[in-house]
Amino acid sequence: MPHTDDATLTTVLDLERELQSPETRADSGRVRDLLAPDFEEVGASGRVWDRDSILAMLESEAAEHDSSSIEIDDLRARVIAPGVIRVSWTSAQGERRARRTSIWCAREGGWRQVHHQGTLLT
């Protein structure tokens, strides 16, 4: 397992930001690189997504040109085990706000997001 230092935390925070960017969300190859094959998300709606369903949703979003910017507030990271980092933040997309938590794991080839959850605030 990799040693987790401040540079590693910064790397994972940068990956979280990248994953939320419209450019990355429109690039299915890059999203596939960032999400682990066993990725699971519990969305703010309560719906459960896997990597394939997220890729399909993002492809549909890009086709509809509905890739509005996601604002990220209070982004922070914490090591929860060797090779495992929890990232938390608050998102704002228009009037919709949610608390978000992601779990990133060191995997072959780099850091991959394995879990994400959003809890709707407004």
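Q: Give me the lowdown on the overall build of the protein chain, citing residues and values where you can.
A: Across its full length, the protein chain carries 4 helices and 6 strands. Along the protein chain, helices and strands appear, N-terminal first, in the series α-α-α-β-β-α-β-β-β-β. For the protein chain, the C-alpha radius of gyration of 14 Å lies close to 14 Å, the compact-globule estimate for 122 residues. Taking the principal axes of the C-alpha coordinates as reference, the protein chain spans close to 40 × 30 × 25 Å. Burial status across the protein chain gives 39% buried among its 122 residues. For the protein chain, the share of sequence-separated contacts (at least 6 apart) that also reach a separation of at least 24 residues comes to 44%. Accessible surface, the protein chain as shown: approximately 6,900 Å² in total, 47% of it carbon and sulfur.

Q: Can you tell me about the side chain of H116, naming the residues and giving the values?
A: Residue placement: H116 occurs in strand 6 (residues 110–120). Look at H116 and you get buried, because its relative accessible area is 4%. Non-local contacts of H116, meaning those with residues more than four positions away in its chain, are made with E16, F39, E40, E41, V42, W89, R100, T101 and S102.

Q: Residues and numbers for the sheet that holds strand 3 (residues 71–81), please.
A: Pairing in this open sheet of 6 strands is mixed, and the strands run 2-1-6-5-4-3 from one edge to the other. The open sheet has two edge strands with one neighbour each: strand 2 (48–50) and strand 3. Neighbour-to-neighbour, the strand axes of this sheet turn through a mean angle of 15°, independent of strand direction. Sheet topology places strand 5 (residues 96–107) next to strand 6; 10 bridges connect them, and they run antiparallel. What sits directly across from A106, in strand 6, is W111. Running at roughly 135° to strand 3, helix 1 (residues 6–20) makes contact with strand 1 (35–42), strand 3, strand 4 (84–93), strand 5 and strand 6 of the sheet.

Cut-offs used in this document
Residues numbered from 1 in each chain as written. Predicted model: local features only at pLDDT ≥ 70, side-chain atom pairs only at ≥ 80, totals over all residues. Heavy atoms only, no water. Helix = DSSP H or I, 4+ residues; strand = E, 2+ residues; numbered from the N terminus. Rg over C-alpha atoms; globule rule 2.2 N^0.38 Å. Buried < 20%, exposed > 50% of the residue type's maximum accessible area, 1.4 Å probe, protein only. Contact = heavy atoms within 4.5 Å. Areas by Shrake-Rupley, 256 points an atom, 1.4 Å probe, with all protein chains shown as cover. Pairing = 2+ DSSP bridges. Axes fitted to C-alpha atoms, helices over the stretch in contact; angles between N-to-C directions.

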